[in-house]
Amino acid sequence: MTPGAYNTVPPSRPYGGGPQESEENEADERDEQPEGMDDEELQGFVRSEIEDAEDVAEQLQFERRKATQYYDGEPYGDEEEGRSQVVTRDVRDTVHALLPSLLRVFFGPEHVAEFVPRGPEDVALAEQMTDYVDYVLKCDNPGFMVLYSLFLDALIRNQGVAKIWWSTKEKVGRSEYTGLSEEAAMLLQQEAAAAGAEVQFRPGAAGYDAVVTQRTNAGRVAIEAVPPEEFLISRDARSLDEAKFVGHRCYRTVGELVAMGYRQEELDEVSGVNESRLIAQESYDRVPGRMNNPEWNTSDPTRKLVLYVESYVLVDYDGDGLPELRKICTIGEQYKIAHNEIVPERPFAVLCPLPRPHTVFGDSVAGLVMDLQRIKSAVFRRMLDSLANAVIPRTAIVEGQVNIQDALNTEVGGIVRMKAPGMVQPLVTPFVGREAFPVVEYLDQLKEARTGISKAAAGLDADALQSTTRAAVAATVNAAHQHIETIARIFAETGMKDLMRSVLRLVVRHQDRARMVRLRNRWVEINPADWNTEADISVNLAVGATSVEERLQTLTEVAARQEAVLQQYGPVNPLVTVSQYRNTLAKMLELRGFKDPGRFFNDVPPDWQPPPPEQGQDPQAQGAVLLAQVQVQEIQANIAMRQQELELKRQEMLLRQDLERDKLDAEMRLKARELEMKYQQAVDIAAIRADVDRQRNEMAVMAPQTGGGMNGRDGIASPQGQTGQGTAGAPAPAGGVSQSGGGLPFQMA
């Protein structure tokens, strides 16, 4: 071999070596191979990782506890006796203004994250995977309350942690039977044996009594929100997947750990609570009065608490030079290892509203407004103090001239005894709090700029939205929604993706039988054994980009264009298919909140073909016929509209006639009254009205005989339906409408 060349063959295993030489080399390799860790080394390593992560948690817990106190509106500790101690709730108001919008995004008509198909044949499977994972989250688990807790923890305490695992619980069913005959008892015993149930018989009053006990193990994916103080992670972690250590630290009862498979004797040795632990302190802050009734002071040994840490750590336990991810469970304050196994992933998903780059830690929304809440509380306190001094001023008295008890009495209308007038004088202090109003307004503007939450965005600021164009209002609302959309996108890209992928892996790995569930209002058999656990997940880009109304308007325009194409070119064209048109209608229903569009529009079968055209008629002829039909419909619609207009004009003319008749009647009565007063003689109004009616009837009878009708300029038809003449002397068309006008037929009263 040339000197300096790269030797790909290990020197200890040369080619052509004899059996004896090979055995000696293998023995040398076994001697040189490093040994794995023993239990003491592993426990020391895990303990150092836990303590380092607890040190990080200790640094974070002060900000979390402070944010919780601001959220709860607790006093700051600098309050003075006798002065205002008001605390504003800006943190709570901001968090609860963001929370409904986030929940609406994640529980809206569309999926926030979806599994992506890798080919046309995977489209249906990807939709089924997305629907089933969503079903596991929202039906098998209290999905709404889980996400509500995650979002609230993330917005207030900068981290919302979800834990996902496969939970197997034993269900015990018990049935009792009485009065069984010997044949029925034997049949019951055979059926119970076939079903794997236990049967106990006992003699009864009439035959046999039986108790059947059926034990079944039901496995489901379990999801819970972990309190932030119980979550541990290494300080140098850039993401959850790259973390060298992740742990769940909590206190569990002896009974719970025994149910998990641990020995009670071992647990009794390590039970007890360290009151100085941060995990206990933060839990006390969350549950008021918990310190007054500590859980460890109990006479029931199964309810004693044990510190339980479930760690997921990268460690080279077997000494092969490659670290593997291991689940190591410890019990007690000394972190005694009770369980150790290799696991494929970390069962956590972490949400952070404002993550920082290159680290797993970030900021909370509460941290953006905590300083503003403190300043605003101080300003409000001074304003209220000034108002109190102006409304209830201090009192000056002359010592020895006034009864002190009367002066100290604040009762309304109370008597003050004094030896001489003027011995009691109020110290009038003007109210100067109005000068602080601009400061409060400026603080609100700062909060809006930091969080995007404003009354204008919610449509509550009448002054800001009054006399404003629609475009300006939309720009104001969209600018305010950018903060919410950013937080929602971060949640979807980080925690929701991890949560969906964990659920998919668990159902593929542990669900060993098909399951019948209802998806999209249809019963579907789900067997995820052949699903791809590494399927890609895509965040729905349309979520939050526009409002539901805007998307519905866009889809309505798309449906109109599709209808025009289908009408003009038929169902077989290169632009739009019937399936695409059905998808548009289904999407519109989904945006309206209907979960199952199949109740209104059936799915188009893949092998569906439009009916063949009629014999002897080419497509162009079909298009011409269709166009003629459309034109006829348009003409009919115009005629109907014209008739409606004519009927409206007729009604207006009749109303004008009634108005003129009433006016003439009123004038006649007034004239008659004037004549009575002038000539002192009664006027017979009824006779006059009868004479007028008689003349009108005579004119109506003479009109058809003369053929005059109403030959006015508008060509109005006579009562018998005869038409008048237009100005040009031409006969009017049918319906009473002349060529020169647009009159309507009417009848003389």
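Being a predicted model, the structure only gives us computed values, none of them experimental.

Enquirer: Please give an account of the overall build of the chain that cites residues and values.
Expert: Within the chain, the secondary structure is distributed over 18 helices and 17 strands. Taking all 749 residues of the chain together, 33% fall into the buried category. Sequence-distant contacts in the chain: of pairs separated by 6 or more residues, those separated by 24 or more amount to 67%. Within the structure as shown, the chain displays about 46,500 Å² of accessible surface, and the carbon and sulfur contribution to it stands at 52%.

Enquirer: Describe the packing of aromatic side chains, listing the residues and the values that go with them.
Expert: Applying the stated criterion across every chain yields a total of nine aromatic pairs. Relative to tyrosine 135, the ring of tyrosine 132 lies with its centre 6.4 Å away and its plane at 10°, an arrangement referred to as stacked. With a gap of three residues between them, tyrosine 132 and tyrosine 135 both fall in helix α4 (residues 123-140), about one helical turn apart. By the ring-pair criterion, three or more aromatic residues cluster together here, those being Phe106, Phe151 and Phe491. Taking NZ or CZ as reference, lysine 163 lies 5.8 Å from the ring centre of tryptophan 165, over its face. The side chain of arginine 374 reaches across the aromatic face of tyrosine 76, ending 4.5 Å from its centre.

Enquirer: Now, about the side chain of glutamine 511: what can you tell me, with residues and values included?
Expert: Along the polypeptide, glutamine 511 turns up in the loop between α14 (470-510) and β15 (515-519). Judged by relative accessible area, which is 9%, glutamine 511 ranks as buried. Here arginine 513 takes part through its backbone oxygen, which lies 3.3 Å from a polar atom of the side chain of glutamine 511.

Enquirer: Outline the nonpolar core, supporting the account with residue identities and numerical values.
Expert: Counting 61 residues, the largest nonpolar core has Phe106, Phe151 and Val503 as its most contacted members. Here this core gets 13 residues from one element, more than from any other, and that element is α14. Once residues lying within four places of it in the same chain are set aside, the contact partners of phenylalanine 106 are Val112, Lys138, Leu147, Phe151, Ala488, Phe491, Ala492 and Met496. One finds Val226, Phe231, Leu325 and Phe361 within the second-largest nonpolar core, a separate group that totals 16 residues.

Enquirer: Lay out the pattern of salt bridges in plain terms, naming residues and giving numbers.
Expert: Counted according to the given criterion, the structure contains 39 salt bridges. Arginine 83 is paired through a salt bridge with glutamate 80; the nearest N and O atoms lie 3.5 Å apart. According to the relative accessible area criterion, glutamate 80 is partly exposed, its value standing at 42%. Aspartate 603 is the salt-bridge partner of arginine 522, the closest N and O atoms lying 3.2 Å from each other.

Enquirer: Please provide a residue-by-residue account of empty space enclosed by the protein, values included.
Expert: Scanning the model with the defined rule gives two cavities of 30 Å³ or more in all. Elements with a minimum of two residues in the lining of the largest cavity: α2 (39-72) and β5 (231-233). When residues of the lining of the largest cavity are assigned to their parent elements, the largest contribution, five residues, is made by α2. Looking at side-chain class alone, the lining of the largest cavity contains eight nonpolar, one polar and one charged residues. Within this model, the second largest cavity holds a volume of roughly 30 Å³. Looking at the second largest cavity, the residues that line it are Asp90, Leu372, Lys376, Leu443, Asp444 and Lys447. The element contributing the most residues to the lining of the second largest cavity is helix α12 (residues 437-451), with three residues. Class assignment of the residues belonging to the lining of the second largest cavity gives a composition of two nonpolar, no polar and four charged.

Enquirer: How would you sum up the environment of glycine 422? Please name residues and give values.
Expert: Structurally, the position occupied by glycine 422 is in the loop between α11 (404-408) and β14 (424-427). Assessed through its relative accessible area of 40%, glycine 422 is described here as partly exposed. Sequence separation of glycine 422 and isoleucine 397 is 25 residues, and the distance between their C-alpha atoms is 8.7 Å.

Enquirer: Outline the pairing of strand β10 (residues 348-351), supporting the account with residue identities and numerical values.
Expert: Burial along β10 is two-sided: Phe348 and Val350 and Ala349 and Leu351, pointing in opposite directions, are all buried. Relative to β10, strand β2 (residues 160-180) is paired through four bridges, and the arrangement is antiparallel. What sits directly across from valine 161, in β10, is valine 350.

Enquirer: Run through a nonpolar patch on the surface, naming residues and quoting values.
Expert: Together, Leu384, Leu387, Val391 and Ile392 line one region of the surface with nonpolar side chains, adding up to about 380 Å² of accessible area. Among the structural elements, isoleucine 392 can be located in the loop between α10 (366-391) and β13 (394-397).

Enquirer: I'd love a proper account of helix α15 (residues 548-569), names of residues and values included.
Expert: The end-to-end C-alpha distance of α15 is 31 Å, a good match for the 32 Å that 22 residues give at a rise of 1.5 Å each. Every buried residue of α15 is listed here: Arg551, Leu552, Leu555, Ala559, Gln562, Val565 and Leu566. For α15, the buried positions fall inside an angular range of 140° around the axis, keeping them on one side. For α15, the exposed residues lying more than 90 degrees away from the buried face are Glu549, Arg561 and Gln568.

Enquirer: So what's going on with the packing of α10 against α12? Which residues, and what values?
Expert: For the pair α10 and α12, interaxial distance at closest approach is 10 Å and the crossing angle is 165°. Taken as axis vectors, α10 and α12 run roughly antiparallel relative to one another. Viewed along their axes, α10 and α12 form a crossing whose handedness is left-handed. Residues Leu368, Val369, Asp371, Leu372, Ile375, Lys376, Val379, Phe380 and Met383 of α10 lie in contact with α12, whose contacting residues are Phe437, Val439, Val440, Leu443, Asp444, Leu446, Lys447, Arg450 and Thr451. Taken together, the residues that form the contact of α10 with α12 break down as 12 nonpolar, one polar and five charged.

Here is what the cut-offs are and how they apply
Just so you know, the residues in each chain are numbered from 1, in the order the chain's sequence is written. Where totals are concerned, whole chains, interfaces and linings use all residues; where local detail is concerned, this predicted model gives features only for residues with pLDDT of at least 70, and gives and counts side-chain atom pairs only at 80 or more. Side-chain descriptors were evaluated using all non-hydrogen atoms of the structure, hydrogens and water having been removed beforehand. Starting at the N terminus, helices and strands are each numbered in turn, a helix being any DSSP run of H or I of at least four residues and a strand any DSSP run of E of at least two. Exposed residues in this analysis have more than 50% of their type's maximum accessible area, buried residues have under 20%, and partly exposed residues fall in between, with area computed by a 1.4 Å probe over protein chains only. Whether two residues touch is decided by their heavy atoms; if any such pair falls within 4.5 Å, the residues are in contact. Areas reported here follow the Shrake-Rupley algorithm with a probe of radius 1.4 Å; residue values treat only the protein chains shown as occluding. Pairing of aromatic rings covers Phe, Tyr and the six-membered ring of Trp, with a centre-to-centre limit of 6.5 Å; geometry is then stacked below 30 degrees between planes, edge-to-face above 60, and tilted otherwise. To sit over a ring, a charge needs its Lys NZ or Arg CZ within 6 Å of the ring centre and within 35 degrees of the ring normal. Definition of a polar contact: a pair of N or O atoms within 3.5 Å, with one able to donate and the other able to accept a hydrogen when the atoms are protein atoms, and with sequence-neighbouring residues admitted only if both atoms are side-chain atoms. The term nonpolar core refers to a set of buried residues drawn from Ala, Val, Leu, Ile, Met, Phe, Trp, Tyr and Cys, joined through side-chain atoms within 4.5 Å. Each salt bridge in this description consists of a side-chain nitrogen of Lys or Arg and a carboxyl oxygen of Asp or Glu lying within 4 Å of one another. In the cavity and pocket records, a cavity denotes points on a 1 Å grid over the protein atoms alone where a 1.4 Å probe fits but cannot get out, a pocket denotes an open set with protein on both sides within 12 Å along at least 5 of 7 lines, and lining residues are residues with an atom within 4 Å of a point. Grid points are joined across faces, edges and corners, and a volume is the space filled by probe spheres set on the points. Gly falls in the polar group here, along with every residue not listed as nonpolar (Ala, Val, Leu, Ile, Met, Phe, Trp, Tyr, Cys, Pro) or charged (Asp, Glu, Lys, Arg). A pair of strands is labelled paired if DSSP reports no fewer than 2 bridges between them. Patches in this entry comprise residues that are over 30% relatively accessible and not in a salt bridge; like charges within 9 Å are linked, as are nonpolar side chains (Val, Leu, Ile, Met, Phe, Trp, Tyr) within 5 Å. For a helix, the expected span equals 1.5 Å multiplied by the residue count minus one. Here the arc refers to the set of directions running from the helix axis out to each C-beta atom. Axes here mean lines fitted to C-alpha atoms, for a helix over just the part in contact, with angles spanning 0 to 180 degrees between N-to-C directions. Small angles under 35 degrees read as roughly parallel and large ones over 145 as roughly antiparallel, with 65 to 115 read as roughly perpendicular and the rest as oblique. Here is the rule for handedness: rotate from the far helix to the near one, and if that takes an anticlockwise turn smaller than a right angle the crossing is left-handed, while a clockwise turn gives right-handed.

Read these as layout, nothing more, since geometry by itself doesn't imply function.
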